[in-house]
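Architecture at a glance
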Amino acid sequence: MLNKTLKQLSDDLHSGKYSSVELTQSYLDAIKAKDSDLNAYVTVTDEIALAQAAEADKQLKAGNAGPLTGIPIAHKDLFCTQGVKTTCGSKMLDNFIAPYESTATSNLKNAGMVMLGKTNMDEFAMGSSTESSFYGATKNPWNTDCVPGGSSGGSAVVVAAGTAPAALGTDTGGSIRQPAAFCGITGLKPTYGRVSRWGMVAYGSSLDQAGPMTQTAEDAAMIMNALAGFDEKDSTSMDKPVEDYTASLNNSIKGLKIGLPKEFFGDALDEGIRKTIMDAVKQFEAMGAIVKEISLPRTELSIPAYYIIAPAEASTNLSRYDGVRYGYRCEDPKDLNDMYMRSRSEGFGAEVKRRILVGTYALSAGYYDAYYRKAQQLRRLIKNDFVAALNDVDVIMGPTTPSPAWNLGAKNQDPVSMYLEDIYTLSVNLAGLPGMSVPCGFVDGMPVGLQVIGNYFEEAKLLNIGHQFQSATEWHTRKPQV
């Protein structure tokens, strides 16, 4: 059961091969057996999961179940889940129990999915390795000495390790795609506004987007059918009809025009990853795709632009954590000012403090025009580069990351080095485009991800391309020995 795709699990549940309770229990048993070595879960919701599974079995027996009914899933621990702790991987929210349900998790719950628990993450989604969590680092199941990527590292690990068949993650600058690449799974960041952000604890409000982390593109399409849609509670949600993302999976990609940005294949790219990506591109050519070199000339500006815009938005979003209304409060404050200062200094970790400081500085009087406004102008130019390129090709392809997963602790003392690991993913968020990472090989025993970037609201095309690649290759079927 544990290595089956969502499609296979759905077929088995509908045919009565086993019940949702049996399936859910098998995953709960796997969590108990494996997670002490991986540290991928912050909270495991055993009782809730089994109760939801029992309800799903009633729906299945009555014959009115949907394709996702009874299938377990895990959620990144920044989605509010009613009555369940939502920590964002931070001491600041270690005691916070959400009084309401996010739209994203509610949509999946309404589709009949069973919540196994909440997954570990970089604190407030700030990081690229899932090492900044208050609950300790999560470990890569392919090599537990290595990072799983971040900030959705816990969600990537549970899918790769077989302790959940699918997970929900978020992507602000690559936080679905990068850990998906490091852990050898499929991760989709939808178009900004395609999935509701309501009830999702904000990091960078103009960048954050929720998406599925699954074994296959077909599984991601199944999740997207339930996840996507307009939400009147979210002012950034797009009122656009949701298509059936599974309907076009088997379409031929013959004649597909693929653009390879020359800026994605520079000296910073690991040679092993370069070869692996080009082998994947050759596979697409063998399937009838047309490949050409393109240019995204402002790619290198995405890092400075992002690391002004995202911290600026974070400094504003995190100002609500003041020790007054909810979350961590310091002990025995001398006065109100002492409570504010100590609650925040004790409740936030080093990376979060660093980004709050950068963001506050960039927004301060005298520096707003020099930094924040300039970064927003660069953002528009980066978006224009993508728009021009996607007028010439159907999709853009390249590596998801410049290197394979690095050792735990290797970049903790050099945050800039870690920021540079997001060079190929940040610009997609700045432009608001959809992007996907699919497994395409290994370097030194560690997974490599192929990134596919599409035009606005063309998630179905990306999923079709991913499914066709996975129908012709078997990289996505390989599992770590944990």
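Residues numbered from 1 in each chain as written. Predicted model: local features only at pLDDT ≥ 70, side-chain atom pairs only at ≥ 80, totals over all residues. Heavy atoms only, no water.

Once that is clear, we can look at the pairing of strand 6 (residues 209-214). Along strand 6, six of the six residues are buried, which leaves the element largely enclosed by surrounding structure. By the bridge criterion, six bridges tie strand 4 (residues 166-171) to strand 6 in an arrangement that is antiparallel. For Gly169, the partnering residue across the bridge sits in strand 6 and is Gly211. Bridging between strand 5 (residues 186-189) and strand 6 involves two bridges; their strand directions are antiparallel. Residue pairing in the sheet places Gly187 in a bridge with Met213 of strand 6. (Buried < 20%, exposed > 50% of the residue type's maximum accessible area, 1.4 Å probe, protein only. Helix = DSSP H or I, 4+ residues; strand = E, 2+ residues; numbered from the N terminus. Pairing = 2+ DSSP bridges.)

Moving on: the sheet that holds strand 4. If you walk across this open sheet you meet the eleven strands as 1-3-2-4-6-5-10-11-9-7-8, and the pairing is mixed. Sheet topology places strand 1 (41-44) and strand 8 (290-294) at the edges, where each strand pairs with a single neighbour. For this sheet, the mean inter-axis angle between neighbouring strands, taken without regard to orientation, is 30°. Pairing of strand 2 (residues 72-76) with strand 3 (residues 114-119) involves five bridges; the strand directions are parallel. When the sheet's bridge partners are listed, Ile73 is paired in strand 3 with Met115. (Axes fitted to C-alpha atoms, helices over the stretch in contact; angles between N-to-C directions.)

As a further point, take the layout of surface pockets. Its volume calculated, the largest pocket comes out at about 350 Å³. Lining the largest pocket are 18 residues, and of these Tyr100, Met200, Val201, Ala202 and Arg320 lie nearest its centre. Classifying every residue of the lining of the largest pocket gives ten nonpolar, four polar and four charged. (1 Å grid on protein atoms, 1.4 Å probe; cavity = no way out; pocket = protein on both sides within 12 Å on 5 of 7 lines; lining within 4 Å. Points joined across faces, edges and corners; volume = space filled by probe spheres on them. Nonpolar A, V, L, I, M, F, W, Y, C, P; charged D, E, K, R; others polar.)

Our focus in this paragraph is empty space enclosed by the protein. Throughout the structure, instances matching the rule amount to four cavities of 30 Å³ or more. Empty space within the largest cavity amounts to approximately 70 Å³. Along its surface, the largest cavity is lined by 15 residues, and Gly127, Ser128, Ser175, Tyr306 and Asp422 are the ones closest to its centre. Residue classes in the lining of the largest cavity are distributed as six nonpolar, seven polar and two charged. Approximately 40 Å³ is the volume attributed to the second largest cavity. Along the walls of the second largest cavity sit Trp142, Ala160, Cys183, Gly184, Ile185, Gln215, His476, Arg478, Lys479 and Pro480, which together make up its complete lining. Of the residues that constitute the lining of the second largest cavity, the class distribution is five nonpolar, three polar and two charged.

For helix 10 (residues 336-347), with twelve residues, the first-to-last C-alpha span of 16 Å sits near the 16 Å given by 1.5 Å per residue. Residues Asp338, Met339, Ser343 and Gly347 constitute the buried set of helix 10. Buried residues of helix 10, viewed axially, fall in a sector of 125°; they line one side. Where helix 10 begins, one side-chain oxygen reaches toward the backbone nitrogen of Asn337, 3.3 Å away; that side chain belongs to Asp335. (Expected span 1.5 Å × (residues − 1). Arc of directions from axis to C-beta. Polar contact = N/O pair within 3.5 Å; in protein donor to acceptor, adjacent residues only side chain to side chain.)

Okay, a nonpolar patch on the surface next. On the surface, a nonpolar cluster with roughly 370 Å² of combined accessible area is contributed by Val324, Leu336, Tyr340 and Met341. Judged by its relative accessible area of 31%, Tyr340 falls in the partly exposed class. (Patch = residues over 30% accessible without salt bridge, like charges linked within 9 Å, V, L, I, M, F, W, Y side chains within 5 Å. Areas by Shrake-Rupley, 256 points an atom, 1.4 Å probe, with all protein chains shown as cover. Salt bridge = Lys/Arg side-chain N within 4 Å of Asp/Glu carboxyl O.)

Turning to its location among the elements, Asp77 is positioned in the loop between strand 2 and helix 4 (103-110). At 3.1 Å, the side chain of Asp77 and the side chain of Lys118 are in polar contact. Beyond its immediate chain neighbours, meaning those up to four positions away, Asp77 contacts Val42, Lys85, Thr86, Thr87, Cys88, Lys118, Thr119 and Met121. (Contact = heavy atoms within 4.5 Å.)

Per the stated rule, a full pass over the model turns up zero disulfides. Free cysteine: Cys88, not disulfide-bonded; nearest cysteine sulfur from Cys80 at 7.5 Å. A residue is classified by how much of its surface remains accessible, and Cys88, at 1% relative accessible area, is buried. Between Cys146, a cysteine without a disulfide, and Cys183, which holds the nearest cysteine sulfur, the sulfur-to-sulfur distance is 10 Å. (Disulfide = S-S within 2.5 Å.)

So yeah, pure geometry; function would need other evidence.
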